[in-house]
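Given next are the chains, with one letter for each unit.
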Protein chains: 2
Amino acid sequence: MDAKDIYKRHAAFCQLMSNPKRLEIIFLIGKEAMCVEEIAKKMDVRVANVSQHLALMREKNVVSTTREGTKIYYKLTSPKLLEACTLIREIMLDQAKEELAALLDADSCQ
Amino acid sequence: MDAKDIYKRHAAFCQLMSNPKRLEIIFLIGKEAMCVEEIAKKMDVRVANVSQHLALMREKNVVSTTREGTKIYYKLTSPKLLEACTLIREIMLDQAKEELAALLDADSCQ
DNA sequence: AATCTATTTGCATATTTTCGAATATATGAA
DNA sequence: TTCATATATTCGAAAATATGCAAATAGATT
């Protein structure tokens, strides 16, 4: 294994999380499995598009499926993935909050 | 703020982490500030290229700089960012370990 | 001015994202 | 069984983004 392989692997995983729609999907199916149409409806995005994003995540073992009749339910393969996404989301929320506070501060100095 | 803005922001941050060179930079300057040339040398990558990656991270407030003479030192703006990267890295290492174990297991069954 | 360090520009290439249309797969009705 | 329907995936093409290089430029120091 090349010394830089771990960075490549890490990057490949982050690449999956680097799309707003995929993130929305991750948080949607993080708690309970959901079928493609349901995901598409909640997100207001075309089924084909959701399916394409799910295919990418399936390839990389980030989501797994179970079939029930004509429907295919997707869920995250590991709770750790949700944990990681949640941690980053919190950093983002904190950051947004700080920015807002900075704005308000600047405002009060006028 | 659009309800999906948080996903966009989250995705933009992950996008920064979705490149092996940028990740290597993040871990290099996570502990102590380092100048561009030094980073380039450690990574065995052209200075111009490192500078380009740093510019992206500067724009998004992921790194900050201090000048010392002709040198410009870069460091992460927040320890939380390193924390997040470290968490994901650990997930990646665990995963790699599991894959290796699975391979060895399969081997012993022959 | 000459040098060291870093950034930017202009370009070529590669990758990602999305779409509409076509295709596949399972179910239930006739 | 065969057909129609519901659900999901794949294909081919267009547009948008990302990446990396060499060369040019900028800024600080001696």
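Peer 1: Tell me about the relation of the copies chain B and chain A, and please be specific about residues and values.
Peer 2: The transformation that overlays chain B on chain A combines an axial shift of 0.0 Å with a rotation of 179°, and the residual RMSD is 0.1 Å. Such a combination of rotation and displacement between the chain copies is what one expects of a two-fold axis. A share of 100% of the interface residues of chain B reappears at the interface of chain A, consistent with the copies meeting face to face through the same patch.

Peer 1: Got a sec to walk through the interface of chain B and chain A? Specific residues and values, please.
Peer 2: Taken together, the contact pairs 32 residues of chain B with 32 residues of chain A. Buried surface at the junction of chain B and chain A, both sides included, amounts to about 3200 Å², of which 70% is carbon and sulfur. Together, B:Tyr7, B:Arg9 and B:His10 form the three largest contributors to the area buried by chain B at its contact with chain A, with a combined 21%. Along the contact surface separating chain B from chain A lie six salt bridges. Among the ionic pairs, A:Glu99 bridges to B:Arg9, the shortest N-O distance being 2.6 Å.

Peer 1: I'd like a description of the packing of aromatic side chains, backed by residues and values.
Peer 2: Applying the stated criterion across every chain, the model contains two aromatic pairs over all chains. For the pair A:Tyr7 and B:Phe27, a centre-to-centre distance of 6.3 Å together with 45° between the ring planes defines the contact as tilted. Separated into two different chains, A:Tyr7 in helix α1 (residues 5-16) and B:Phe27 in helix α2 (residues 20-31) make up a pair that spans both. Across this residue pair, the class does not change: A:Tyr7 and B:Phe27 are buried. One residue, A:Arg89, lies across the ring of A:Phe27, its end atom 4.8 Å from the ring centre.

Peer 1: So, the nonpolar core: which residues are in play, and what are the values?
Peer 2: Ranked by internal contacts, the top residues of the largest apolar core, which has 64 residues, are A:Met17, A:Ile88, B:Met17 and B:Ile88. Not counting residues within four places of it along the chain, the set of residues in contact with B:Ile88 comprises A:His10, A:Phe13, A:Cys14, A:Met17, A:Ala84, A:Ile88 and B:Met17.

Cut-offs applied
- Residues numbered from 1 in each chain as written.
- Chains lettered and ligands numbered in written order.
- Predicted model: local features only at pLDDT ≥ 70, side-chain atom pairs only at ≥ 80, totals over all residues.
- Heavy atoms only, no water.
- Least-squares fit on C-alpha atoms with pLDDT ≥ 70 in both.
- Contact = heavy atoms within 4.5 Å.
- Buried area = accessible area lost by both parts, 1.4 Å probe.
- Salt bridge = Lys/Arg side-chain N within 4 Å of Asp/Glu carboxyl O.
- Phe/Tyr/Trp six-rings, centres within 6.5 Å; stacked < 30°, edge-to-face > 60°.
- Helix = DSSP H or I, 4+ residues; strand = E, 2+ residues; numbered from the N terminus.
- Buried < 20%, exposed > 50% of the residue type's maximum accessible area, 1.4 Å probe, protein only.
- Lys NZ or Arg CZ within 6 Å of the ring centre and 35° of its normal.
- Core = buried A, V, L, I, M, F, W, Y, C linked by side-chain atoms within 4.5 Å.

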